Amino acid sequence: MNTESTSHAADIEAISRLVATVEHSQQNKDPEEFLGLFHPDAIWTTAHGKVLIGLDAISEFTRKVLPAASWDGKVTYEVVHVFFIRPDVAAVKVRQRYLSPGEESEGAPLYVVSKQADGRWLLTACQNTGVVAD
């Protein structure tokens, strides 16, 4: 993983745990675990370009779509790069892979995360972009 600097080691570890929880929630198709990672005023743009503003909209979409997701395999999320915009705001580039028998697809999400007063990092403005094979 590339990072802007090593001076943010504890924050990078916390952000990596956040992304690992995204992975866990997706693998287990668990909307409540996933939704617990969002700032109340978050913005989420799906891989298909649907824009969801605020936790209510993100919740409605997620509770409908995630449990019914049809992938048969494993999804992985890897933190590729963390750029601290401010000490409490970071842009996180993620490599997302869906692996199923005989098929693989990839995404390149960008998560802007913000550190809360209690020290938790939350998803704040996210774009989930699919990668088209060359």
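Here, every reference points to the structure presented above.
Presented here is an overview of the structure given in this document. (Residues numbered from 1 in each chain as written. Predicted model: local features only at pLDDT ≥ 70, side-chain atom pairs only at ≥ 80, totals over all residues. Heavy atoms only, no water.)

Brief notes about the environment of Asn128
Inspection of the secondary structure puts Asn128 in the loop between strand E8 (121-127) and strand E9 (130-131). You can call Asn128 buried: its relative accessible area is 12%. Considered as a pair, Asn128 and Gly107 are 21 residues apart in the sequence and their alpha carbons are 6.9 Å apart. Leave out the neighbours within four places in its chain, and Asn128 touches Trp44, Thr45, Thr46, Ala47, Gln96 and Pro109. (Helix = DSSP H or I, 4+ residues; strand = E, 2+ residues; numbered from the N terminus. Buried < 20%, exposed > 50% of the residue type's maximum accessible area, 1.4 Å probe, protein only. Contact = heavy atoms within 4.5 Å.)

Overview of the environment of Lys64
Within the secondary structure layout, Lys64 lies in helix H3 (residues 55-65). Judged by its relative accessible area of 60%, Lys64 is exposed. The spacing of Lys64 and Pro31 is 33 residues in sequence and 8.9 Å in space, taken between C-alpha atoms.

Some points on the packing of aromatic side chains
One pass over the structure, following the stated rule, counts five aromatic pairs. Measuring from centroid to centroid gives 5.4 Å for Phe38 and Trp44, while their planes differ by 75 degrees, and the two rings are edge-to-face. Overall, Phe38 belongs to the buried group, its relative accessible area being 4%. Take Trp44: its relative accessible area is 8%, and that puts it in the buried class. (Phe/Tyr/Trp six-rings, centres within 6.5 Å; stacked < 30°, edge-to-face > 60°.)

A short note on the pattern of salt bridges
For the coordinates displayed, the defined rule picks out seven salt bridges. Ionic pairing is found between Arg17 and Glu13, a salt bridge with its closest N-O pair at 3.0 Å. Taken together, the positions of Arg17 and Glu13, both in helix H1 (residues 9-27) and four residues apart, correspond to about one turn of that helix. You can call Arg17 partly exposed: its relative accessible area is 47%. Among the ionic pairs, Glu104 bridges to Arg97, the shortest N-O distance being 3.1 Å. Taking the relative accessible area as the measure of exposure, Glu104 reaches 46% and is therefore partly exposed. (Salt bridge = Lys/Arg side-chain N within 4 Å of Asp/Glu carboxyl O.)

Focus on H3
Looking only at H3, the buried set comprises Ile58, Ser59 and Thr62. In an axial view of H3, the angular spread of the buried residues amounts to 100 degrees, which keeps them on one side of the axis. Among the exposed residues of H3, those pointing more than 90 degrees away from its buried face are Asp56, Glu60 and Lys64. Those residues of H3 that are buried are in contact with helix H2 (31-35), strand E2 (38-45) and strand E3 (51-53). (Arc of directions from axis to C-beta.)

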